[in-house]
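Structure assessment
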Amino acid sequence: MTDDAVIEVDEVSKFFGGIVALSEVSCTVGPGITALLGPNGAGKSTLLRIMCGLTPPSRGQVRILGRVPRRDLDVTRLIGLVPQQEALFDPLTALQFVELAGRLQKVDQPRPAAEAALHLVELDPGDGRPVRTYSKGMRQRVKVAQALVHSPQVVMLDEPLEGLDPRQRLRMIALFRRLADEGRTVLVSSHVLDEVEKLGSRVLVIAEGRLAATGDFHQIRELMDDRPHRLRLGADKPRALAAGLLDAAAVVGAWVQGPETVIVDTVDVAAFRHAVAGVARQRDVRLHEVVALDDDLDSVFRYLVGRR
Amino acid sequence: MSLPTGDARILDRGYRRYDGPRAGTAHAVRSVIAHTLRRILGLRRPARAKVLPVMAIAFAYIPAIVFVGIVALSGRFGARAQADLIVPPYGEYYGFIISAIVLFVTFVAPEALCPDRRSRSLSLYLSSPLTRMTYLLGKVLAVAIVVAFVTVGPPLLLLFGRMMQSAGPDGFLAFLAVLGRMLASGTMLAALYTAVSMGVASLTDRRAVAAAATLLLLIGSSIVTGTIVYGLNGPSWVFGSHLTAAPLLLVSRIYGESSGDPQVTTLALAAGALFWTALGSAVCVLRYRSLQVTR
């Protein structure tokens, strides 16, 4: 466990009859944004519900700021949850709904807090329409507002980007980053990898109920030592460059693609970086581009969950 | 798990091709033996799976323990002569435990062979370095080991118990002679009953049917041979194929004891034991050679 751990998950398993939803998951989450990734049915929502104390783990324990949310109800006031389900009271207005959430969280002045929360998610507190008339994106933002109304230290969001248009997604991501910058712990569950990549680089990857990887996904990519890194090199003499890199044993494979492009596979990026300039100089090649092709979250995610 | 880069960790990479050393056929056979022994003895299984093996082993060993106790007590009270009247010679010990041996062999081989065919997991075994014959070898060795546990173990316990009470054979050579006879007779019984029970168990994939058929064969052989030899005054060598009395008579002959019908020659007894052992083995091997293995 790290010193700044806000959420500590210790050997947590969850069984639903004969189905193992989570199996011996151990991890810590500190302040800042962490993305909880996994395919559908991987156990993300179950883990979030256990973290919030909504459901008990079958084995193991979860602590939020050193306290067990299932036993210590006060700690639940430090948590804001955006559930995946459409859990809104349809006849209420957005303000009424968020204000109600504030009252339930024992906020001193629920009305101003609700108005502030709605402003945060760019909704008009004065809108008198009931939430049942709202679009999916607006309802999603109401859910986020009710999670923030009591200014929680820990914010857990289960698929918060679902139903939002691209512009709203960007704004919501900006909001999450702002919350993280304020020192809060923001845990976002999602499978929209492009958007998650914009949130930050720290991830927890769950697959089939097991924690597959944790940490910075760039560092996880470095740990994928059985998969060569693929890079695209732009050069005026791609054949000469490919031959030179193969001669120098800096790459394990090279393919010339087009008049000025060569694709290479290397198992040691550091050694490749060291060698490529020397080889280019030696072979009188003008190198104008080096682009990593599989250093993104999508590549890491496919590696971790694709073999199951 | 990989070494951490910063605080990043990969904990589970999912399915991965096995690149480690491959232990080969001998290891696979050993695994079959170990797994079969666990299954037969009910190890790592519910308590009800342990009842029959524990009962059979207890029935086989309790007489030996009692006899050793009698020898010990008689030594303490100076009644060794009376004890010698009660405690049977080594060759006759099997007469006390033949029911335990029969009980044991009727469920051991079916337990070892039938479930793999019934659950169609034989194809999984055969997708490993095992062939049909090496698979069968593992099964035979496992069954023979547990059967030998009740055919060799109790007389050995009796021998060593008596020796500890200074009531064993006189001198080292005499001890070796008794030990050799014990191992020979115990091994003969183990081989015979293993072959017979496995031959029967190879013909069905239902344990209960195999156990009942084995029992029926053991009892049936005694009825048929008894009727031929004593009811119809047939040739005495037929008695050699009696599956319970003839092996016990052969054991007595191995020990040089004169018991049973003197008209039944030792050759007939040995031939009978050999016949059943060969027949059971042949049935088992032929059955597994021709068995269609499907997924």
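These numbers were taken from a predicted model, which means no experiment stands behind them.

How each quantity is defined
- Residues numbered from 1 in each chain as written.
- Chains lettered and ligands numbered in written order.
- Predicted model: local features only at pLDDT ≥ 70, side-chain atom pairs only at ≥ 80, totals over all residues.
- Heavy atoms only, no water.
- Helix = DSSP H or I, 4+ residues; strand = E, 2+ residues; numbered from the N terminus.
- Buried < 20%, exposed > 50% of the residue type's maximum accessible area, 1.4 Å probe, protein only.
- Contact = heavy atoms within 4.5 Å.
- Areas by Shrake-Rupley, 256 points an atom, 1.4 Å probe, with all protein chains shown as cover.
- Salt bridge = Lys/Arg side-chain N within 4 Å of Asp/Glu carboxyl O.
- UniProt positions renumbered as here; feature names shortened; annotations may be inferred.
- 1 Å grid on protein atoms, 1.4 Å probe; cavity = no way out; pocket = protein on both sides within 12 Å on 5 of 7 lines; lining within 4 Å.
- Points joined across faces, edges and corners; volume = space filled by probe spheres on them.
- Nonpolar A, V, L, I, M, F, W, Y, C, P; charged D, E, K, R; others polar.
- Pairing = 2+ DSSP bridges.
- Axes fitted to C-alpha atoms, helices over the stretch in contact; angles between N-to-C directions.
- Buried area = accessible area lost by both parts, 1.4 Å probe.
- Polar contact = N/O pair within 3.5 Å; in protein donor to acceptor, adjacent residues only side chain to side chain.
- Core = buried A, V, L, I, M, F, W, Y, C linked by side-chain atoms within 4.5 Å.
- Parallel < 35°, antiparallel > 145°, perpendicular 65-115°, else oblique.
- Left-handed = near helix turned anticlockwise from the far one by under 90°.

1. With respect to the overall build of chain A
Broken down by element type, chain A carries 11 helices and 13 strands. Across the 308 residues in chain A, those meeting the buried criterion constitute 52%. Sequence-distant contacts, at least 24 apart, represent 66% of the contacts inside chain A between residues at least 6 apart. Surface summary for chain A: the accessible area is close to 14100 Å², and the carbon and sulfur share equals 48%.

2. Description of the pattern of salt bridges
Inspection of the entire model under this criterion finds 20 salt bridges over all chains. A salt bridge links A:Arg63 to A:Glu8; the shortest N-O distance between them is 3.7 Å. One end of the pair, A:Arg63, is in strand β4 (residues 59-64); the other, A:Glu8, is in strand β1 (residues 7-16), with 55 residues separating them in the sequence. Among the residues examined, A:Glu8 registers a relative accessible area of 14% and is labelled buried. Across the pair A:Asp127 and A:Arg129 runs a salt bridge whose closest N-O atoms are separated by 2.9 Å. One network of salt bridges, in which partners are shared, links B:Arg39, B:Arg45, B:Glu111 and B:Arg207.

3. Remarks on the UniProt feature "transmembrane region" (unreviewed entry) in chain B
Residues and elements named next belong to chain B. As recorded in UniProt, the sites labelled "transmembrane region" (unreviewed entry) are residues 51-73, 93-114, 135-160, 172-196, 208-230 and 267-288. Secondary structure over residues 93-114 splits into 95% helix and 0% strand, and the C-alpha atoms at its two ends are 32 Å apart. Spanning residues 267-288, this segment combines 100% helix with 0% strand, and its end C-alpha atoms are found 31 Å apart.

4. Describing the layout of surface pockets
All names here are of chain A. Roughly 640 Å³ of internal volume is contained in the largest pocket. Every residue lining the largest pocket is counted, 26 residues in all, and those nearest its centre are Leu 54, Leu 81, Pro 83, Gln 105 and Gln 146. Contributing elements (two or more residues each) for the lining of the largest pocket: α1 (44-52), β5 (79-82), α3 (94-104) and α5 (136-148). Looking at the lining of the largest pocket residue by residue, the classes come out as 13 nonpolar, nine polar and four charged.

5. Considerations on the pairing of strand β11 (residues 253-256) of chain A
Residue and element names in this part refer to chain A. Taken together, the four bridges between β11 and strand β12 (residues 261-266) define a ladder with antiparallel strand orientation. Counted as the bridge partner of Gly 253 is Asp 265 from β12. In textbook terms, the turn of a hairpin is the stretch between consecutive antiparallel strands, and for β11 and β12 this stretch comprises four residues, one of which, Gly 258, has a positive phi near 80°.

6. Description of the sheet that holds β11(A)
Residues and elements named next belong to chain A. Strand order in the open sheet made by the four strands is β11-β12-β10-β13, with antiparallel pairing throughout. Single-partner strands in this sheet number two, and they are β11 and β13 (287-292). Each neighbouring strand pair of the sheet contributes to a mean axis angle of 20°, computed without reference to strand direction. Packed on one face of the sheet, helix α9 (residues 238-247) meets β10 (229-235), β11, β12 and β13 and runs near 175° to β11. Packed on one face of the sheet, helix α10 (residues 269-282) meets β10, β12 and β13 and runs near 15° to β10.

7. Details of the interface of chain A and chain B
In this assembly, 20 residues from chain A lie in contact with 15 residues from chain B. Buried surface at the junction of chain A and chain B, both sides included, amounts to about 1400 Å², of which 48% is carbon and sulfur. Where B:Asp7 meets A:Arg202, a salt bridge forms, and the shortest distance between an N and an O atom there is 3.2 Å. For the pair chain A and chain B, the interface holds three residue pairs in polar contact (both at pLDDT 80 or more). Listed by contribution, the elements that provide at least two residues to the side of chain A that touches chain B are β9 (210-216), α8 (217-223) and α11 (297-305) of chain A. The leading source of residues in the side of chain A that touches chain B is β9(A), at seven residues.

8. Remarks on the nonpolar core
Residue and element names in this part refer to chain B. Core analysis: the largest hydrophobic core is formed by 78 residues, its most contacted members being Phe 104, Tyr 193 and Tyr 288. Per-element tally for this core: the top contributor is helix α4 (residues 94-118), with 14 residues. When sequence neighbours within four positions are dropped, the list of residues in contact with Tyr 288 reads Leu 113, Arg 117, Leu 122, Arg 132, Met 133, Tyr 135, Leu 136 and Ser 202.

9. Some words on the packing of α4(B) against helix α8 (residues 172-201) of chain B
All names here are of chain B. At a minimum axis distance of 9 Å, the contact between α4 and α8 shows a crossing angle of 40°. When the interaxial angle is binned, α4 and α8 end up oblique. The handedness of the crossing between α4 and α8 is right-handed. Here Tyr 94, Ile 98, Ile 101, Val 105, Ala 109, Pro 110, Leu 113, Cys 114 and Arg 117 of α4 lie close against α8, whose contacting residues are Met 182, Ser 185, Gly 186, Leu 189, Tyr 193, Ser 197, Met 198 and Ala 201.

10. Topic: the pairing of strand β8 (residues 202-207) of chain A
Looking along a regular strand, one sees the side chains alternate between the two faces of the sheet. Residues and elements named next belong to chain A. Of all six residues in β8, five are buried, a share of seventy percent or more. As defined by bridge partners, strand β3 (residues 32-37) adjoins β8 across three bridges and the pair is classed as parallel. Across the sheet, Leu 37 pairs through a bridge with Val 205, a residue of β8. Of the strand pairs in this sheet, β8 and β9 are connected by six bridges, and their pairing is antiparallel. In the strand pairing of β9, Val 203 is matched with Gly 215. Counting the residues in the hairpin turn of β8 and β9 gives two residues, including Glu 208, whose phi is positive at 50°.

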